[in-house]
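The lines below spell out each chain.
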Amino acid sequence: MATNITWHPSLSRSERNKFRGQRGLTIWFTGLSASGKSTVATALEQHLLHLGLSAYRLDGDNVRFGLNKDLGFSEKDRNENIRRIAEVAKLFADSSTIALTSFISPYRADRQTARELHASSASAEGDEAIPFIEVYVDVPISVAEQRDPKGLYKKARAGEIKEFTGISAPYEAPENPEITIKTHEKSVEECVAQILEWLQEKGYVTLKK
């Protein structure tokens, strides 16, 4: 850990939210590869932007081209991958942006760490903790494997990909997610509507007039 550093306070989060006219939060999509995480997250991001809200999606593959390009897929590297993206999502949410993350994030402990990081963001100035909304994209592995748009399951079955979630590495499903969507039973539009309805009911999103 770095030493000889000092935290420099900025605007309060409540002040920033007031000026920007919205509350920042993190919507964390988790599920198997090919479950539909990125598809739904992208559609939700687009919908939120159309509603006049600031939103940005962080994608599991995309961040590995830059921020996390030094990481592989061992359990240790997966842990660090999620730790880093949780920190980045928290920064986006702290700026009064709705951060959407679409990562397999297979381990409960890692997702709990991300949740606790957001919970620890409450400040002495009276700022509430940044909301962390876990969205479980729940599809049977048979459905995900049948979709297999990148051909990854086929390669994993052939032994060409090691440490592949659902085949040669575990996926630990959420036990108490805020939202569960089933992309094999509902359309993308219906899944987006389900999430948006929940956010509005909880008061996390207020539509701009």
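Okay, so let's go over this structure. (Residues numbered from 1 in each chain as written. Predicted model: local features only at pLDDT ≥ 70, side-chain atom pairs only at ≥ 80, totals over all residues. Heavy atoms only, no water.)

A look at the pairing of strand β1 (residues 25-30)
Now for step 1: Counting buried residues in β1 gives six out of six residues, a clear majority hidden from the surface.
Now for step 2: Across the two faces of β1 the burial is the same, with L25, I27 and F29 and T26, W28 and T30 all buried.
Now for step 3: The sheet contact formed by β1 and strand β3 (residues 98-102) spans five bridges and is parallel. If you follow T26 over to β3, its bridge partner there is A99.
Now for step 4: For β1 and strand β4 (residues 132-137), the ladder comprises five bridges, and the chain directions are parallel. Bridge pairing in β4 places I27 opposite I133. (Buried < 20%, exposed > 50% of the residue type's maximum accessible area, 1.4 Å probe, protein only. Helix = DSSP H or I, 4+ residues; strand = E, 2+ residues; numbered from the N terminus. Pairing = 2+ DSSP bridges.)

A word on the side chain of R78
Now for step 1: Summarising the element assignment, R78 is placed in helix α3 (residues 75-94).
Now for step 2: One buried charge, R78, has no salt-bridge partner; the nearest side chain with opposite charge is E163, at 5.6 Å.
Now for step 3: Polar side-chain contacts of R78 include one of 3.2 Å to the side chain of T165.
Now for step 4: Setting aside residues no more than four positions away along its own chain, R78 makes contact with F73, P106, Y107, D110, E163, F164 and T165. (Lys, Arg positive; Asp, Glu negative; His and termini not counted. Salt bridge = Lys/Arg side-chain N within 4 Å of Asp/Glu carboxyl O. Polar contact = N/O pair within 3.5 Å; in protein donor to acceptor, adjacent residues only side chain to side chain. Contact = heavy atoms within 4.5 Å.)

Observations regarding unusual backbone geometry
Residues apart from glycine generally show negative phi values, whereas peptide bonds are mostly found in trans.
Now for step 1: A positive phi angle, near 70°, is found at S96, a position not held by glycine.
Now for step 2: Tracing the sequence through the fold places S96 in the loop between α3 and β3.
Now for step 3: One non-glycine residue, S105, lies in positive phi territory at about 35°.
Now for step 4: Secondary-structure assignment places S105 in the loop between β3 and α4 (108-119).

Focus on the side chain of T26
Now for step 1: With respect to the secondary-structure elements, T26 resides in strand β1.
Now for step 2: At 2.8 Å, the side chain of T26 forms a polar contact with the side chain of H118.
Now for step 3: Apart from residues no more than four positions distant in its own chain, T26 is found in contact with A89, K90, A93, A99, T101, H118, I130, P131, F132 and I133.

Concerning the sheet that holds β4
Now for step 1: Within the open sheet, the five strands sit side by side as β2-β3-β1-β4-β5. Their pairing is parallel. In the strand order of this sheet, the two ends are held by β2 (55-59) and β5 (179-181), each with one partner. The mean angle between the axes of side-by-side strands here comes to 20°, regardless of whether they run parallel or antiparallel.
Now for step 2: Set on the sheet, helix α2 (residues 37-50) makes contact with β1, β2, β3, β4 and β5; between it and β2 the angle comes to about 165°. (Axes fitted to C-alpha atoms, helices over the stretch in contact; angles between N-to-C directions.)

Description of helix α7 (residues 188-201)
Now for step 1: Over its 14 residues, α7 runs 20 Å from end to end, which matches the ideal 20 Å to within 8%, given 1.5 Å per residue.
Now for step 2: What α7 keeps buried is the set C191, V192, I195, L196, W198 and L199. Each buried residue of α7 sits inside an arc of 160° when the element is viewed along its axis, so together they form one side. Those residues of α7 that are exposed and aimed more than 90 degrees away from the buried face are E189 and E201.
Now for step 3: Looking at the packing, one finds that the buried side of α7 touches β1, α2, β4 and β5.
Now for step 4: Phi turns positive one or two residues past the end of α7, at G203, with a value near 80°. (Expected span 1.5 Å × (residues − 1). Arc of directions from axis to C-beta.)

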